[in-house]
Amino acid sequence: MFGRKKANVQQMEDDRLLDNIHQLQQRIGNTQRMINNSVDVDDTTRTNLKLNQLKYQFLYLEARRRKATAKATTNIIFGDEDTFLKQPSRAEKHW
């Protein structure tokens, strides 16, 4: 009110959304490494991996819809089966 900045609620929620995306990205990477390094994998582990990938996909699309800017660049973890998230690069757009 008097010289104090108001907390920007949208920016705070965008930061929280991006933090959740980053945590899911770490969890998916850890689970994929565990699956690749183990001989016998539970069905629940595979189901949790797919569930986390779907959560990541939903949060990623929500962040794009809100035009949230990330503090650091992130990689898309999905394999070839999830192709709708892949965007053509600038070089591919011009050719």
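Residues numbered from 1 in each chain as written. Predicted model: local features only at pLDDT ≥ 70, side-chain atom pairs only at ≥ 80, totals over all residues. Heavy atoms only, no water.

Novice: So what exactly am I meant to see when it comes to the environment of Leu24 here?
Specialist: Relative to the assigned elements, Leu24 resides in helix α1 (residues 9-37). In sequence terms Leu24 and Gln57 are 33 residues apart; their C-alpha atoms lie 9.9 Å from each other. (Helix = DSSP H or I, 4+ residues; strand = E, 2+ residues; numbered from the N terminus.)

Novice: What is the right way to read the environment of Phe58 from this model?
Specialist: Structurally, Phe58 can be placed in helix α2 (residues 43-66). Note on Phe58: relative accessible area 55%, which makes it exposed. (Buried < 20%, exposed > 50% of the residue type's maximum accessible area, 1.4 Å probe, protein only.)

Novice: Teacher, can you tell me more about unusual backbone geometry here?
Specialist: As a rule of thumb, non-glycine residues mostly have phi less than zero, and peptide bonds are mostly trans rather than cis. The residue Lys67 is not glycine, and still its phi comes out positive at about 60°. Topologically, Lys67 is positioned in the loop between α2 and α3 (90-94).

Novice: Just checking my understanding: could you explain the pattern of salt bridges for this structure?
Specialist: Opposite charge on two side chains makes pairing possible when the charged atoms of those side chains draw close. Tallying each qualifying case throughout the model produces three salt bridges. The shortest N-O distance in the salt bridge between Arg16 and Glu13 comes to 3.3 Å. Separated by three residues within a single helix, Arg16 and Glu13 lie in helix α1, roughly one turn from each other. Among the ionic pairs, Asp14 bridges to Arg66, the shortest N-O distance being 3.0 Å. Residue Asp14 is found in helix α1, and its partner Arg66 is found in helix α2; the two are separated by 52 residues along the sequence. In this structure Asp14 comes out as buried when scored by relative accessible area, which is 6%. (Salt bridge = Lys/Arg side-chain N within 4 Å of Asp/Glu carboxyl O.)

Worth remembering: the numbers are spatial, not functional.
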